[in-house]
Structures are given as structure tokens and as C-alpha cells.
Amino acid sequence: QVQLVESGGGLVQAGTSLRLSCVASGVSFNRYAMAWFRQVPGKEREFVAGISVNWAGYFANSLLGRFKISRDNAKGTASLQMDRVKPEDTAVYYCAARLFHVTRSMSDYEYWGQGTQVTVSA
């Protein structure tokens with residue numbers, strides 16, 4: 001059974017940093033691209049960042065430079081480092097997995113975590 005479990009969300013002040021982690025189980029992790037999406041109430045889930053099996057990183061244009069993504073194949077984890085966070089980063093952040101390559105479309109992803117809430121206060 002495949003499971004993705006996110007952690008690291010919480011309430012933080014604008015301008016600070018936050019690190020989200022996603023632990024995957026039940027998959028051959030090194031064959032899966034990992035991605036982060038986020039969603040606010042009333043809006044579609046949007047692509048944040050992704051990392052392919054060849055370690056190539058992809059980011060939403062608006063987030064480039066503030067967010068970083070990494071993976072640890074030995075531990076089966078993917079992490080999202082969020083720096084200089086802003087109130088508009090407030091959302092539920094979801095980890096997702098699909099074979100090999102990152103795409104920006106949520107419908108392409110096979111597996112999803114339950115989400116972790118990030119709230120950024122001004």
C-alpha cells in the first residue's frame with residue numbers, strides 16, 4: 001500500500017523559513033518524481049515544485065528563488081524548503097508522486113498525501 005505522509009506545516013511569521021517533508025512508503029522511491037502542490041479554499045490546487053528521478057528541479061515561476069526542493073532516495077523522502085515566506089503562501093500543501101518525470105498537472109499524479117497546513121502571518 002502506497003502512502004505519502006507530509007509533515008512540517010504550521011503557523012509562521014512572514015519572512016521566516018519553513019521546511020516541509022514527505023515520507024513515501026510502498027513504492028520504489030527512486031523511480032518516482034515527487035512534487036508539491038498547494039491549495040487554498042475556493043481555488044484549484046496549484047503546482048509548487050517538483051523533482052524528477054534524475055534530480056532535475058522544477059518550480060512555479062512565481063516561487064523561483066524562494067523555494068527549493070530536494071529528495072533523499074535512501075530515506076524515501078522529499079522536502080520543500082520555503083524561505084522568506086509570505087502571507088500568500090498560506091495554503092494546504094500536498095505531496096504527490098508519479099513515475100519518473102515531473103509535470104505541472106495534478107491529474108498526472110498517481111499518489112497523494114493528506115496535506116499539511118501552512119499559515120503565514122503578516
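In this report, the structure presented in the accompanying data block is examined.

Here we look at the side chain of S52
Along the chain, the position of S52 falls in the loop between β5 (46-51) and β6 (57-59). Taking the relative accessible area as the measure of exposure, S52 reaches 1% and is therefore buried. A polar side-chain atom of S52 sits 3.1 Å from the main-chain amide nitrogen of V102.

Quick look at the packing of aromatic side chains
A full pass over the atoms with the stated rule returns six aromatic pairs. Here Y32 and Y111 contribute two aromatic rings whose centre-to-centre distance is 6.0 Å and whose plane-to-plane angle is 50°, an arrangement assigned as tilted. One end of the pair, Y32, is in strand β4 (residues 32-39); the other, Y111, is in strand β10 (residues 111-112), and 79 residues separate them in sequence. Looking at Y32, the relative accessible area reads 10%, which means it is buried. You can call Y111 partly exposed: its relative accessible area is 26%. Considering the side-chain rings of F37 and W112, the 5.1 Å spacing of their centres and the 55° angle between planes classify their relative orientation as tilted. Taken together, the positions of F37 in strand β4 and W112 in strand β10 put the pair 75 residues apart, joining distant regions of the chain. By relative accessible area, which is 25% here, W112 ends up partly exposed. Three or more aromatic residues joined by ring pairs make a cluster, and in this case those are F37, F47, Y94, Y109 and W112.

What about the pattern of salt bridges?
Counted according to the given criterion, the structure contains four salt bridges. R38 is the salt-bridge partner of E46, the closest N and O atoms lying 2.6 Å from each other. A relative accessible area of 39% places E46 in the partly exposed class. Given the relative accessible area of 9%, R38 is considered buried. Of the charged contacts in the structure, one is a salt bridge between K68 and D83, with a shortest N-O distance of 3.4 Å. Placement of the pair is K68 in strand β7 (residues 67-72) and D83 in the loop between β8 (77-82) and β9 (91-99), with a sequence separation of 15 residues. You can call K68 partly exposed: its relative accessible area is 44%.

Points about the environment of G113
Take G113: it is sitting in the loop between β10 and β11 (116-121). Sequence separation between G113 and V5 is 108 residues; the distance between their C-alpha atoms is 5.3 Å. If near-sequence neighbours (up to four positions away) are discounted, G113 is found in contact with L4, E6, Y94 and C95.

About the thresholds
- Residues numbered from 1 in each chain as written.
- Predicted model: local features only at pLDDT ≥ 70, side-chain atom pairs only at ≥ 80, totals over all residues.
- Heavy atoms only, no water.
- Helix = DSSP H or I, 4+ residues; strand = E, 2+ residues; numbered from the N terminus.
- Buried < 20%, exposed > 50% of the residue type's maximum accessible area, 1.4 Å probe, protein only.
- Polar contact = N/O pair within 3.5 Å; in protein donor to acceptor, adjacent residues only side chain to side chain.
- Phe/Tyr/Trp six-rings, centres within 6.5 Å; stacked < 30°, edge-to-face > 60°.
- Salt bridge = Lys/Arg side-chain N within 4 Å of Asp/Glu carboxyl O.
- Contact = heavy atoms within 4.5 Å.

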